[in-house]
Amino acid sequence: MRKSLFGILITLISLASFAQIEPSAVEQFAASFAAKEKNFTKDEVLSILRQAEFQQDIIDKISRPAEGTMTWERYRKIFLKQGRIDAGIEFYKEHKTTLEKVSADTGVPTEIILGIIGVETYFGRIKGSYKVLDALYTLGFGYSRRGKFFKSELEKFLTLSKLEDLEATEVLGSYAGAMGYTQFMPSSYIAYAKSFEENGTRDLMDSPEDAIASVANYLKVHRWKKGQPITSRAEMTRKITGLRKQALRPKNKVSDYTKIGFNPAEELQADLPATMLIFDKDGDTEHWFGLYNFYVITRYNHSPLYAMAVYQLAEEIKKGFGE
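For the structure given in this document, a descriptive report is provided here. Predicted model only: the values in this text are computed from it and were never measured.

Rules behind the numbers
- Residues numbered from 1 in each chain as written.
- Predicted model: local features only at pLDDT ≥ 70, side-chain atom pairs only at ≥ 80, totals over all residues.
- Heavy atoms only, no water.
- Helix = DSSP H or I, 4+ residues; strand = E, 2+ residues; numbered from the N terminus.
- Buried < 20%, exposed > 50% of the residue type's maximum accessible area, 1.4 Å probe, protein only.
- Polar contact = N/O pair within 3.5 Å; in protein donor to acceptor, adjacent residues only side chain to side chain.
- Contact = heavy atoms within 4.5 Å.
- Axes fitted to C-alpha atoms, helices over the stretch in contact; angles between N-to-C directions.
- Parallel < 35°, antiparallel > 145°, perpendicular 65-115°, else oblique.
- Left-handed = near helix turned anticlockwise from the far one by under 90°.
- Nonpolar A, V, L, I, M, F, W, Y, C, P; charged D, E, K, R; others polar.
- Core = buried A, V, L, I, M, F, W, Y, C linked by side-chain atoms within 4.5 Å.

A closer look at unusual backbone geometry
Right, so step 1: Phi at N199 is positive, roughly 65 degrees, even though this residue is not glycine.
Right, so step 2: Counting through the fold element by element, N199 comes out in the loop between helix 11 (186-192) and helix 12 (208-221).
Right, so step 3: Overall, the relative accessible area of 79% leaves N199 in the exposed class.
Right, so step 4: A positive phi angle, close to 70 degrees, is found at R223, a residue other than glycine.
Right, so step 5: Tracing the backbone shows R223 in the loop between helix 12 and strand 3 (231-236).
Right, so step 6: Residue R223 is classed as exposed on the basis of its relative accessible area of 60%.

So, in structure tokens, the structure goes:
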């Protein structure tokens, strides 16, 4: 029976995709990794990698990240929906004891831990549908722009699979290879994941308690400043034009901005390190003071849109703590 034209096209597309992965590059990777990581043999690595599938849509997605094209208004509407806020309040009620203990131990506010888990995975509801192995294999060998980074993450993922007894060929995550409640990349999983239980395993795939402990640990290690504010809406006392985009890491002080006409909506210490955040919304512009803890949130994801969504979702969830 002759193949249909559609079937032939699918076959050609599939062959073209796989042609982008050089077998010699995979062999070299396996040999190099096995030489460094004594818990693996070259044949064992190759056996795992032969089960990976190149997926062109992963390349397409990472080449056009949504955050690069979204306005703040569009981005905000994704994460500030009532359903996600309500889910956060329920998650808080279910895990209140864990959240409050972790917050007390680390200094990271309960609501910020919730904000990150809420933005990342809708409190565990959306952890990703790609096999992590496929994602890292595709990006490591088929995405030359950042191939070195993703090959390194592939190495870390293989190491992690033995450290935490994960089935390397089955773990699901994002198209970039992030996984679990926290959407940690493998290197972050190894470096920052914590078990809530002393001497327990670090299960970010199925344990909300470990996810809570790990998010807080990540922010603590990145120098979260206990008790300090995060951001405040900036109100103009006069018309200001020509303000250039500011660095995410605060290089000025609150007083530097108040001197030129920006007043914080809430009282802030004049000597606090600050930057000025600029967001487009409804054809208008919002200005916010970005303080050091806002910068710490951007260490999780370097987008100011992301950090602001985390903050505002956290604030909305916090309103429901007393319910």
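Back to the text.
Quick word on the side chain of R202
Right, so step 1: Looking at the secondary structure, you find R202 in the loop between helix 11 and helix 12.
Right, so step 2: Residue classification places R202 among the buried positions, given a relative accessible area of 17%.
Right, so step 3: A distance of 3.0 Å separates the side chain of R202 from the backbone oxygen of I190, its partner in a polar contact.
Right, so step 4: Leave out the neighbours within four places in its chain, and R202 touches E164, Y189, I190, A193, K194, S195 and D210.

Observations concerning the packing of helix 6 (residues 82-94) against helix 8 (residues 110-121)
Right, so step 1: Relative to each other, helix 6 and helix 8 sit at 125 degrees, their axes nearing to 10 Å. The orientation of helix 6 with respect to helix 8, classified from their angle, is oblique. Along this stretch, helix 6 crosses helix 8, giving a crossing that reads as right-handed. Every residue of helix 8 that contacts helix 6 at R84, G88, F91 and Y92 is listed here: T110, L114, I117, G118 and V119.
Right, so step 2: Classifying every residue of the contact of helix 6 with helix 8 by side-chain character gives 5 nonpolar, 3 polar and 1 charged.

Details of the nonpolar core
Right, so step 1: With 91 residues, the main nonpolar core has I113 and I117 as its most contacted residues.
Right, so step 2: Element by element, the count of residues in this core is highest for helix 15 (residues 304-318), at 10 residues.
Right, so step 3: In this view, I113 contacts L99, V102, V108, I212, V215 and A216; residues no more than four positions away in its chain are not counted.
Right, so step 4: Listed in part, the 11 residues of the second largest apolar core include A234, Y257, F289 and L291.

Looking at the packing of helix 8 against helix 15
Right, so step 1: Relative to each other, helix 8 and helix 15 sit at 120 degrees, their axes nearing to 8 Å. By the criterion of interaxial angle, the relationship of helix 8 to helix 15 is oblique. Between helix 8 and helix 15 lies a crossing whose hand is right-handed. Mapping the contact onto sequence places E111, I112, L114, G115, I116, G118, V119 and E120 in helix 8 and Y306, A309, V310, L313, A314, E315, I317 and K318 in helix 15.

Quick look at the environment of T275
Right, so step 1: Mapped onto the elements, T275 comes out in strand 6 (residues 273-281).
Right, so step 2: With a relative accessible area of 2%, T275 lands in the buried category.
Right, so step 3: Considering only alpha carbons, one finds T275 and K156, 119 residues apart in sequence, at a separation of 35 Å.
Right, so step 4: Discounting residues that sit within four places of it in the chain, T275 has contacts with Q246, A247, L248, P250, Y257, W288, F289 and G290.

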